[in-house]
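Coordinate analysis (summary)
Each chain, letter by letter, is given below.
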Amino acid sequence: MSRMTLTQYLIEQQRDLNQITGNLRLLLEVVARAVKAISVNVGKGAIAGVLGEAGTDNVQGEAQKRLDVVANEILLLSNEWGGHLAAMASEEMPLPYAIPNRYPRGEYLLLFDPLDGSSNIDVNISVGTIFSVLHCPEGIEPNEKAFLQAGTQQLVAGYALYGPQTILVLTLGNGVVSFTLDREFGTWVLTNPAMRIPEETREYAINASNSRFWDPAIRRYIDEVIAGREGPRGRDFNMRWVGSMVGDVHRLLTRGGIFMYPRDKRDPSKPGRLRLLYEANPMSFIIEQAGGASSTGHGRILEVEPTELHQRIPVILGSSREVERVVRYYTEAA
Ligand code: AHM
Ligand code: MG
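Residues numbered from 1 in each chain as written. Chains lettered and ligands numbered in written order. Predicted model: local features only at pLDDT ≥ 70, side-chain atom pairs only at ≥ 80, totals over all residues. Heavy atoms only, no water.

1. Some thoughts on the overall build of the protein chain
Stated precisely, the cut-off is as follows: For the purposes of this entry, the term helix denotes a DSSP run of H or I that reaches at least four residues, the term strand denotes a run of E that reaches at least two, and both are numbered from the N terminus. As defined in this context, the radius of gyration uses C-alpha atoms, and a globule is described by 2.2 Å times the residue total to the power 0.38. Only protein chains enter the accessibility calculation, which uses a 1.4 Å probe; a residue whose area is less than 20% of its type maximum is buried, one above 50% is exposed, and one in between is partly exposed. Only heavy atoms enter the contact rule, under which two residues are in contact if any of them lie within 4.5 Å. Here the Shrake-Rupley method, with its probe set to 1.4 Å, supplies the accessible areas, and only the displayed protein chains count as covering residues. When charges are counted, neither His nor the chain ends are considered; positive counts come from Lys and Arg and negative counts from Asp and Glu. Charge coordinates come from a single atom per side chain, which is NZ of Lys, CZ of Arg, CG of Asp or CD of Glu.
Of regular secondary structure, the protein chain possesses eight helices and 17 strands. A compact globule built from 334 residues would reach a C-alpha radius of gyration of about 20 Å, and the protein chain, at 19 Å, matches this within 12%. Overall, the protein chain is about 65 × 45 × 45 Å in size when its C-alpha atoms are taken along their principal axes. Within the span of the protein chain, comprising 334 residues, buried residues form 55% of the whole. Partitioning the intrachain contacts of the protein chain with sequence separation of at least 6 by distance along the chain shows that 63% fall at a separation of at least 24. Surface summary for the protein chain: the accessible area is close to 14,400 Å², and the carbon and sulfur share equals 50%. Taking the average place of the 34 positive charges on the side chains of the protein chain and the average place of its 39 negative ones, the gap between the two points comes to 4 Å.

In structure tokens:
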């Protein structure tokens, strides 16, 4: 097996392929180091006293877990002093975090969901970190507005999955690669140089307890896959739902499938559960770079022009043929 490390990979991407700038490379090194620290905390769990509720709510009114707060702090403190960033935005903070004046200000914006799958923390099921890097337009104050860029503008997207192995999946816009953390040496080792989503799939992921709120197109798709061999699809499907988007997306990248957190009619102010800027966009960038597709049901997620930092969006992503089918059902229903 290749022993190429993340550092070597990033240097190659900068020096030989001109895919990233030196500053972006250093920024990614810092993010990868922060992720390692989060992984250590996740792994210690009760020993480090990081399980349970933090006793606070985030801007979306969700109860924060201790590890949500710890992971957010780790990302902020690791990244604020390097000089590569203009500001950071997080699921756990109402407003962007401007780089303190005592540090130099750089040209990039970092967005993250510090700990995705929070409801799985206390039950020892895989959780992760999702992140995205944007350019901060010159002369623009790095306030909320600076972050409101379509997903197509992302320079880098990635996620870490804290599972039996700690894995870092990354796209710089030229395919998707993944690294496994060698816990003995503390290095990220390239373990998949070209992740591709299989086109054909027999697996789907959706929280079916919401089915009474779904759009007709989603109902039709799910009814058909559940009907299996006897139904219009003519084959049996299998269902999986980790409850951590990172875990579900990683399964799609490994063996194909479709993941949906669609629009539902519960609360018109929340058109979907997942957040556009630090969940849907980075994951959509990765999925598309791996040959898959990602849609709201009505259009490509990456082309949505954001209006709010914590905006929510319906998400349908995975193997392209399945995603296209759901989109077709939406068109037919209209
Ligand atoms: P979080 O960032 O607060 O953890 O919320 C996002 C998570 C996703 O990881 C996952 O796909 C979804 O919420 C699970 O939702 P549900 O609890 O409805 O199954
Ligand atoms: Mg999340």
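2. Describing the layout of surface pockets
Note the following rule: Cavity: a set of points on a 1 Å grid over the protein atoms alone where a 1.4 Å probe fits but cannot get out. Pocket: an open set with protein on both sides within 12 Å along at least five of seven lines, its lining residues, like those of a cavity, having an atom within 4 Å of a point. Grid points are joined across faces, edges and corners, and a volume is the space filled by probe spheres set on the points. Side-chain classes are defined by residue name, with Ala, Val, Leu, Ile, Met, Phe, Trp, Tyr, Cys and Pro counting as nonpolar, Asp, Glu, Lys and Arg as charged, and the others, Gly among them, as polar.
Put simply, the largest pocket is a space of about 430 Å³. Around the largest pocket sit 26 residues that line it, and Gly117, Ser118, Ser119, Gly243 and Arg273 are the ones nearest its centre. Mapped by element, the contributors of at least two residues to the lining of the largest pocket are strand E2 (63-65), strand E5 (108-116), helix H6 (245-255), strand E13 (258-261) and strand E14 (274-275). Class assignment of the residues belonging to the lining of the largest pocket gives a composition of seven nonpolar, eight polar and eleven charged. In this structure, the second largest pocket occupies an estimated 350 Å³ of space. Lining the second largest pocket are 22 residues; nearest its centre among them are Ser39, Val42, Gly43, Tyr162 and Gly163. Secondary-structure elements contributing two or more residues to the lining of the second largest pocket are helix H2 (22-44) and strand E9 (176-182). Of the residues forming the lining of the second largest pocket, the biggest block, five residues, is contributed by H2. A class-by-class count of the residues in the lining of the second largest pocket yields ten nonpolar, eight polar and four charged.

3. As for the packing of H6 against helix H7 (residues 276-289)
The test is simple: Note on method: axes are straight lines fitted to C-alpha atoms, helices fitted across the in-contact stretch only, with angles between N-to-C directions ranging 0 to 180 degrees. The cut-offs work like this: below 35 degrees is roughly parallel, past 145 is roughly antiparallel, 65 to 115 is roughly perpendicular, and the gaps in between are oblique.
Across the interface, H6 lies against H7 with an axial gap of 11 Å and an inter-helix angle of 10 degrees. Relative to H7, the element H6 is oriented roughly parallel. The residues of H7 that touch H6, namely those facing Met245, Val246, Val249, Leu252 and Leu253, are Glu279, Met283, Ile286 and Ile287.

4. What to know about the sheet that holds E13
Defined as follows: Two strands pair if DSSP finds at least two bridges between them.
The five strands are arranged E12-E11-E13-E17-E15 in an open sheet whose pairing can be described as mixed. Every other strand in the sheet has two partners, leaving strand E12 (238-239) and strand E15 (293-295) as the edge strands with one partner each. Where E13 lies against strand E17 (residues 315-318), four bridges are found, and the strand directions are antiparallel. Looking at the pairing, Tyr261 lines up with Val315 of E17.

5. Considering the site of ligand 1
Test applied: Residues are counted as near a molecule or strand when any one of their heavy atoms sits within 4 Å of it. Under the rule applied, a polar contact is a pair of N or O atoms within 3.5 Å (in protein, one hydrogen donor and one hydrogen acceptor; residues adjacent in sequence only if both atoms are side-chain atoms). More than half of a molecule's atoms lying within 2 Å of a cavity's or pocket's grid points is what places that molecule inside it.
Close contacts around ligand 1 come from 17 residues, with Asp116, Gly117, Ser118, Met245 and Tyr261 the closest. Note that an oxygen atom of ligand 1 is positioned 3.2 Å from one of the side-chain N or O atoms of Arg273. Because more than half of its atoms lie within 2 Å of the grid, ligand 1 is assigned to the largest pocket. Elements that contribute at least two residues to the shell around ligand 1 include exactly E5, E13 and E14. When its residues are assigned to classes, the shell around ligand 1 shows five nonpolar, five polar and seven charged.

6. Points about unusual backbone geometry
Comment: phi is negative for the bulk of residues other than glycine, and the bulk of peptide bonds are trans. Its identity is not glycine, yet Asn18 carries a phi of approximately 55 degrees, on the positive side. Residue placement: Asn18 occurs in the loop between helix H1 (6-15) and H2. Of note, the phi angle at Asn124 is positive, near 60 degrees, even though the residue is not glycine. Assignment of secondary structure puts Asn124 in the loop between E5 and strand E6 (127-135).

7. Things to note about the sheet that holds strand E3 (residues 85-90)
As summarised here, the arrangement of the eight strands in space is E4-E3-E5-E6-E7-E8-E9-E10, forming an open sheet in which the pairing is mixed. Unpaired on one side and paired on the other, strand E4 (97-98) and strand E10 (187-192) mark the two borders of the sheet. Where E5 meets E6, seven bridges bridge the pair, whose relative direction is antiparallel. For Leu109, the partnering residue across the bridge sits in E6 and is Leu134. Sitting on the sheet, helix H3 (residues 66-79) is in contact with E3, E4, E5 and E6, with an inclination near 155 degrees to E5.

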